[in-house]
Each structure stands twice: as C-alpha cells, then as structure tokens.
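# Secondary and tertiary structure notes
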Amino acid sequence: MNLKTVLYQKWSKNLMLLTVFLMPLSSFIYSVPVTAEESSASNSESTLSNLSTVTQNVYVSPKGSDFLGSGTLQAPYRTLPKVRSVLRDTYAERPAGGTTIWLREGEYELSSTLELNELDSGSADRPVTYRNYPNEQAVITTAKTIDPTRWKPLNSEAAARVHPAVYADQLVELDVQSLGLKNTSGFPGGTSFTKEWGIVDLIVDGVREPISQWPNPQQKIGKNRVGWVTMNGSADPQSFYYGEGGQPKDGITTDEVNADQTDRTARWQRSIEQGHDLYLKGFWRTDFDPVTSKVESIDNTRHTIRLVDIPEGGMGSKWSKDAPVADSTGTGTTTSTTISTPLPAQSPVTIHGDTYVTQDVYVTDDVYHAPLFPEPLLTATSVTYQVYRVGTGTEEWQALNLLDEIDTPGEWALDFKDQKIYYYPDGDINKQNIIIADRTGPIIKLNNASYLNFVGLTIEGGLNNGIEMQSSHHISLDNNTIRNIGGGGILDYYGHDNRIQNNTIYETGSFGISIGYAGNRDTLTPADSWITNNHIHNTGTLIALEGLIITQSIGMTINHNLIHDVPKHGIRYVYNNDLLFEYNELHHISLEDGDAGAFYTAQDWTSYGNVLRYNYVHDSPRANGFYADDGDSGDTFTNNIVSGVSKAFLFGGGHHNRATGNLIINATSGIQIDDRGIARKYTADSTHAEQLIAKNPSTGPWKEYGRVLADTYGYDTNLWKNMLNPKWHPEYPNGTHFKDNAIVQSGTLVIPKKGAVIIQNNPRITNTQSAGLNPNTTNGFYTQNPTILAIFPNINTIYPQIGLQKGEVISTSSSD
C-alpha cells in the first residue's frame, strides 16, 4: 500500500478536506531536500552528520494550517501535534536518510505536554529531527499568552498595601481566576517546604520576571550578604527575634527589618491579619537547604516573628547552644534541666603548616557538622523537655511573594487570598509579550523513544521541566536554548547513548541538567552518554538545586561545560561509576547554600572509577572545590586548577580518594582529609557496607570490576574484601592520597590521625605573583613557573581547552 493510498483512506470520510489535501501531498512527502545553506543551524553549522542525506522534509509554522496545510514550505502545518499525527500515520513509509521537521519563526503554544514515544521514533539510518528553520527562532511553550487589556489598576485594598517607595498607579493587577489558571491557590509544599514551589510564573518579552523579595536580590542590609538579613536569636522552637530581645552568639540585635523607616513589620502584620500569606525562606537550622515557611504572626512589642511550623530540630543554628523552652500554651510543671553538648568521639587531626607540623588540634565546625568543643553547662528553669537553639545570629532569611514588598520594576507577587497577580511593569505593558506558565507537566517528554534529534529550538514557559526523557536512547539535544522554566532544564532517566551538547540552559527554577540510572550499575553496563559543551547558569532560582546532577549512572563523559551562578553545588554526582569529568569550567558556585562543592559527591563505598581531570574551578569562596562527603570513595582527581575557594579538596572519611598533579590557588585550605567515619561508625556493618554487599562483590561482574580497579589505580588487590573486613578499619580514610600538588598562596593542610593516608611532595609557592599566573590568556602561556610545570607539565596546552569551545562540539571522543 503506497503512502497516497494510506492518506486517502484516512481522509475519505471528509470529501471537502480531501480535495484540498491530496493535490500538494506528493510534494510534501517527497519534496526536494533543502539546500546545504538551508540545512545549517541558525547560529553555527549543524552537528548532525546525516542532514546531507535527508530525503523527507516537513514544515510547520504558527502561520500555517493543520487543515489546509500539507507540510510543504509553501503550505506548512500549524501545530506540532498535527506533525506528530501525520508522521505516525506514515511510520512505515519513512525514507532512507530520515525526516526533518523544520520549525519556522514564532511561538508554538502547546495545550499539554508534547509526548513522543516509540511510534514517533526514528532508526539509525532514518532518524527524525526537529529543528529551527535557518536564522529563525522557534519557541515551544506550554505557557498562556495574556492579552494586555486584562491588566487593571489596583483595587483600593491592594493600593493601601503598596510599598512606601512606589505609587499605587505604577502597579497593575491580573485576575487569575478569570483566566482559568490552576496553580494559584498556594504552594504545593504547604506551610513549610524546601523543594516544592509550583505556583504560576510570569515571563515578559522572554525574561522571567522576579517574584517579589525583601531584601531585594542586590540589596545589602548592614553587614549581611546581599539579598539576606539575619535572625537576632531564637525566641522559642518556632519563633525568632528580628530586633532586641534575643541572645544570639554574635551579640548583634539591631532591628534591620525596620531600619529603612518603612514600618515593615507593622505593614506585614496588618496584611497577615487581613488574610494575606507571608512566606520567609530561611536557614533556620543549617547553612544548606533553606526552608520556605509561612509566618503565623508578628509581635511588634517583643520583636518576634512566629512561623506556622517548627523547623526540623527547632529554631536556631545547630552550631549554637541548646536552650530549654516552655510549650506554646505557657502551661506545665516547672522543672530544672541541665543540657550539655558532648565532645564527639573522634581522633584529633594534624595540621601541616608550610614547613613544619603543628600540634594535634580539633578541626573547625563544618567538618563534622556538630560542635567540636564542649559548651558550658546550661542550667535553666523550664516546663518541657523540648529544646531549641539559642541561635548564632547568622541564620539568614528573606521574605518572598508579598505585594507589600514590590518596589522594583519587574517584580510581581501572586496573592493567594485575592487570586490576583500584582505586577510592577518595566515599560509599557501594552507593548509587551506576556505569558504565564501554569501547566505542571514537562514541555516535551520522550518516553521509550529513540533516534530523535532536537536542534536549535527555544523551550520555555512551563512549571515543570523543559525536556524529560525516560527509557530513551540515541537522542541528541543539540544547540537548544532552555530557559524560564519552573522546574529543571533537561531530565534524562534510564537512558543510554544520548548526547546533550551545545545547549544553553538558564533561568530554571531548580536544576540545569539531571541524569539518573544511565546504564546499569548492577551489571556494570556503561551508558555511553555524553554531556558536552553546554552553558548552564542562573539555575535553582526557586529551589536551590545544582547546575548538573548525575545519580546511579555508569560510563558517561561530561566535558567542556561552563556552569556558573548556581545556589548550591555546581555538579552533584552521587552513586556513580566510571564517570569522566574533563575540561569543565565552574565559577560562582554556592551563591546561596553553605557546605557545598563545585564538584560534590557523598555517602557511597561503591562509587569507584570516577575520574576528574583538566577542570577549572574558580571564584567560589563559599564553596569547596572537590568535595567527597561522608565516606564517599574511589575518585581520582588529576591536573585540575582550583582557585578562590574555601577548601580545594575535602575528603570526608572515604577510601582511595586521590588528588595528584593539581594546581591550588588562593584557597582557605589546600586539602582536608578527616576520619569522621570513626564518630559516624562507617564500619564493616554500616549502611555504607550494606550498599557494597548489595552489589555482590564476591561474585559476578563486581568481583572482576574490583580487580580492574586495583590494576588501573593501584589499589589493594583485595579491594572489596578489605573494605568489608573490620580489621582493615573501613571507618578510616585508608588509601587516600594527596601527592604532587602545587599550592599557591593557600592555607594549611588538614589530615587525620588515623588511617593509611599519604601526604607527599606538595610544594608551596608564596603568592600568585611568584607563580606567574596568567588566567586571562587565550594564547601563549598560563604559567612558566618551573615548580608548577614540574607538577602539571602540560598545563599550558590544557588550559585553553577548558570550558566552552567556540562553535559546536560533537561528543564522539575524549582527549587524553
């Protein structure tokens, strides 16, 4: 049965449409391939090697027609679902060389997720490609376009709440109920959450507008970090002081909230009493994973703010003293209780100075995430055994999504009670292209799909992820822009042989790219997927997540990516094997969280075989460079450049983590290796050991894998057997090395007292001038310092290759 017959049968029930449709049909199906000039991508030459042999072309345009169009350049279809339907009908008729769907200039608004599966897939010699037409921008979105006439002046009650620095007529309001928007009644996480946001998003002229915040993102209050203020001590398990009354460790009780004379807390309390929700995002207990919490009330007499929920563990930094507290009713039997913080059961460490070894000391607080020195005994009268922390005075917080704090053009807030969006437009709202993201599914989803390519597209305006791939393989995402997304940019689970390359991902509510279960760790089957030459920045704007996340995967290459301006870790890779990270550049990492790493991994004795080489981490003073946390083991760090970080390397109690040939510049500490496994009982019967036993290391592929690792990296021959032997003391950081690294203008080395650890030949250079560094070079030498060249001989040829490469990079091989 030929193609024309198939289509004739499909349309035979509608003779009026049939006469229009059949005439141009043959020109659509077997149209002459586009010229080489037409087949180039909008910004650079295509990386899809099969485009020159494409024999089928389908065209789609927002100005086309699904009823009268035929898919030709002259008569394009209008929607992507229509193209999907036509291609499914002709699945068996795909020509050799593949099919390309060309998207003309404009916005493709989807009413739901565009889902593609095995019926929409190509094959090795007949791939299906969705791409932009040359030099035109095709935008795919699930957002809803807003008619400018729907914006109205503020109602009288809202006008009374505006910030004193602005006039009410500068703001406008939008009735979200009349638009049928769904995600407007409250945060999905309820009154306290860390990872659920899920309310509508406002995008104007391609820019994701900022939700209202106080302090403003670039506003500095007192000595605080820009965009944040701090508590003045805890008042009880769910309340804190914003002014006088608390007893924080830092002793500072200045009322920073009302310092600008706008009567802020009184304004907030009036809005709360009128039924408007106020949420604060704060580091109530730890300096990582901030919690967004609803405010119950504000007491302007006692200078306290009370949350609806008690933060996990109670209010106040875990680094401050415990304090007894009365229950919320103020009733109960008075009792006297004595509280103390014991010294943890761990050995001291030895700090190596430049030329000598100092005395044994206990290392700083952030190593073990618990106070290391005994606090003075605290005796107090109390009515309950519930405790909270008195607070350090450094617990940061900020207010979010409140009309009362809109004071900058572009800011907006969604009022759950009023069911209104309040907005301070930047420019003439009647001339702006305004869309609102309200759909919770991904914009594009690939499920059991294969041999699909997406090239040169712009994807934006959803509350979830931009592109999701599940159980899909031989997928290429190339030269796309993914932006203004409430979730993450790209999610790929249970995939293999996929290529994510040359994309730009920014303004995402959570992560940039997340990969999970690529390949099969149990059978040690590599994924052979690549993440190459992507520019990922300004991610985690709603929920503090990483630029790149890789979980439970094996056999991948991650190279030439540029990641910067992220709130948490830059790259988080946990429970993986045989990952190769090379030529990546990361900077301005951990802009929000503390206790983070540019490269971060944690809690796994089985994650061997990961190699990190030729990477450049810089200008991230809040972050550690390479961070193997809480017993993570088996990583090799070679010939990396680490500059302007906290600790260049932090190995938290794991085995066989080895750093050699690295250049460390201006770090608080060159390395910290600790034996926290003693206190935390990372023993042969621990959870860490159970994870290793689950891999059946005495039989099957993991037994042989242990031998290969030992041969490749020089580990103990009986690798797995030793780690499960109590006499080997797996709670020690055995097999960890820090050798042959050049250290420039950096702090001390911190090493443990216990464990077979080697610290050897790490020469120091006093300052950057002596090192002769030239980090801005594009040609010539990065350094000619003989000490550095002895440690890192090929640094001058490696350095120019790090980070994004001009043009497009095809992920086909890796340099040695």
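Residues numbered from 1 in each chain as written. Predicted model: local features only at pLDDT ≥ 70, side-chain atom pairs only at ≥ 80, totals over all residues. Heavy atoms only, no water.

## Overview of the overall build of the chain
Secondary structure summary: the chain contains 13 helices and 62 strands in total. Going through the 816 residues of the chain one by one, you find that 58% of them count as buried. Summing over all exposed atoms, the chain offers an accessible surface of approximately 32000 Å²; the carbon and sulfur share of this is 50%. (Helix = DSSP H or I, 4+ residues; strand = E, 2+ residues; numbered from the N terminus. Buried < 20%, exposed > 50% of the residue type's maximum accessible area, 1.4 Å probe, protein only. Areas by Shrake-Rupley, 256 points an atom, 1.4 Å probe, with all protein chains shown as cover.)

## Describing helix α9 (residues 700–713)
In this model α9 runs 21 Å from its N-terminal to its C-terminal C-alpha over 14 residues, within 8% of the 20 Å that 1.5 Å per residue would give. Within α9, the full set of buried residues consists of W702, Y705, G706, L709 and A710. Buried residues of α9, viewed axially, fall in a sector of 135°; they line one side. Exposed residues on α9 whose side chains face more than 90 degrees from its buried face are D711 and T712. Close packing links the buried residues of α9 with β46 (577–582) and α10 (719–723). Within two residues after α9, G714 carries a phi angle of roughly 75°, on the positive side. (Expected span 1.5 Å × (residues − 1). Arc of directions from axis to C-beta. Contact = heavy atoms within 4.5 Å.)

## Here's the deal with the environment of L804
Note that L804 resides in the segment after α13 (795–798). Of the residues examined, L804 reaches a relative accessible area of 34% and is grouped as partly exposed. Separated by 243 residues in sequence, L804 and N561 have C-alpha atoms that sit 5.7 Å apart. Dropping the residues within four chain positions of it, L804 is found in contact with N533, N534, H535, H560 and L562.

## What to know about the side chain of S643
Tracing the chain through its elements places S643 in strand β53 (residues 641–645). If near-sequence neighbours (up to four positions away) are discounted, S643 is found in contact with Y616, V617, H618, D619 and I665.

## Concerning unusual backbone geometry
That bond from W214 to P215 is cis: its omega, -10°, falls within 30 degrees of zero. Positionally, P215 belongs in the loop between β13 (213–214) and β14 (229–230). Positive phi, normally seen in glycine, also occurs at D289, with a value near 55°. For D289, the position within the fold is in the loop between β17 (279–282) and β18 (291–299). A positive phi angle, near 55°, is found at Y517, a position not held by glycine. With respect to the helices and strands, Y517 occurs in the loop between β39 (513–516) and β40 (529–532). On the accessibility criterion, Y517 (35% relative accessible area) is partly exposed.

## Side note on the environment of N610
With respect to the helices and strands, the residue N610 is situated in strand β49 (residues 610–613). Among the residues examined, N610 registers a relative accessible area of 1% and is labelled buried. Look past the residues within four positions of N610 in its chain and what remains in contact with it is Y573, N576, N577, D578, L579, G634, D635 and T636. Only 3.2 Å separates the side chain of N610 from the backbone nitrogen of D578, close enough to count as a polar contact. Reaching out from N610, the side chain makes a polar contact with the backbone nitrogen of L579 at a distance of 2.9 Å. (Polar contact = N/O pair within 3.5 Å; in protein donor to acceptor, adjacent residues only side chain to side chain.)

## A short note on the pattern of salt bridges
Inspection of every chain in the model, using the stated rule, returns 31 salt bridges. The shortest N-O distance in the salt bridge between E592 and K281 comes to 3.4 Å. In this pair, E592 is assigned in the loop between β47 (585–587) and β48 (596–602) and K281 in strand β17, connecting sequence segments 311 residues apart. For the residue pair E592 and K281, the accessibility class agrees, reading buried in each case. Between D418 and K417 there is a salt bridge, with its nearest N and O atoms 3.7 Å apart. Residue K417 is classed as partly exposed on the basis of its relative accessible area, which comes to 43%. (Salt bridge = Lys/Arg side-chain N within 4 Å of Asp/Glu carboxyl O.)

## Focus: the confidence of the model for the chain
Caution applies to low-pLDDT regions: their predicted coordinates should not be interpreted in detail. The pLDDT averaged across the chain works out to 86; a share of 84% of its residues lies at or above 70. Within the model, pLDDT remains below 50 along residues 1–52, and this stretch shows 82 contacts once partners closer than five positions in the same chain are excluded. Across residues 325–385, where pLDDT falls below 50, the model places 131 contacts with residues more than four positions away in sequence or in other chains. (pLDDT = per-residue confidence, 0-100.)

## Considering the sheet that holds strand β9 (residues 172–175)
Strand order across the open sheet formed by four strands is β8-β9-β28-β27, with antiparallel pairing between neighbours. The open sheet is flanked by β8 (152–153) and β27 (412–415), the only strands paired with a single partner. Sheet topology note: the β8/β9 ladder contains two bridges and is antiparallel. Each bridged residue has a counterpart across the sheet, and for P153 the counterpart in β9 is V172. (Pairing = 2+ DSSP bridges.)

## Describing the pairing of β49
Burial along β49 is two-sided: the face carrying N610 and L612 and the face carrying V611 and R613 are both buried. One ladder, built from three bridges, connects β46 with β49; its direction is parallel. Following the sheet pairing, E582 is matched in β49 by R613. Sheet topology places β49 next to strand β52 (residues 635–638); four bridges connect them, and they run parallel.

## Comments concerning helix α6 (residues 264–273)
Of all ten residues in α6, eight are buried; the element is thus mostly enclosed. For α6, the full list of buried residues reads R264, T265, A266, R267, W268, Q269, S271 and I272. For α6, the elements touching its buried residues are β13, β18, β19 (304–307) and β26 (396–400). Positive phi appears at G275, one or two residues downstream of α6, with a value of about 100°.

## Structural notes on the sheet that holds strand β12 (residues 207–208)
Taken in spatial order, the four strands make up an open sheet running β7-β29-β11-β12, and their pairing is antiparallel. Either end of the sheet is taken by a strand with one partner, and the two such strands are β7 (144–145) and β12. Pairing of strand β11 (residues 201–204) with strand β29 (residues 434–437), which is carried by four bridges, proceeds in the antiparallel orientation. When the bridges of β29 are listed, V204 appears paired with I434.

## Some words on the nonpolar core
Grouped together as the largest cluster of nonpolar side chains are 73 residues, with contacts concentrated most on L103, Y130, I140, I550, F599 and F649. If one sorts the elements of this core by residue count, helix α4 (residues 80–89) sits on top with four residues. Ignoring anything within four residues of it in the chain, the contact list for I550 reads I515, I531, M556, I558, R572, Y573, V574, N576, L579 and F581. The next biggest cluster of nonpolar side chains, apart from the first, holds 31 residues, and it includes W151, L174, W197 and I436. (Core = buried A, V, L, I, M, F, W, Y, C linked by side-chain atoms within 4.5 Å.)

## Structural notes on the packing of aromatic side chains
One pass over the full model with this rule turns up 38 aromatic pairs. Relative to Y279, the ring of F187 lies with its centre 4.8 Å away and its plane at 80°, an arrangement referred to as edge-to-face. Placement of the pair is F187 in the loop between β9 and β10 (192–193) and Y279 in strand β17, with a sequence separation of 92 residues. A single burial state applies to F187 and to Y279, both of which are buried. Here a set of aromatic residues connected by ring pairs shows up, and it is made of Y573, F581, F599, F626, F637, F649, F651 and F738. The lysine or arginine in question, R104, covers the ring of Y133, its NZ or CZ lying 4.1 Å from the ring centre. Taking the ring centre of W319 as reference, the NZ or CZ of K318 above it sits at 5.7 Å. (Phe/Tyr/Trp six-rings, centres within 6.5 Å; stacked < 30°, edge-to-face > 60°. Lys NZ or Arg CZ within 6 Å of the ring centre and 35° of its normal.)

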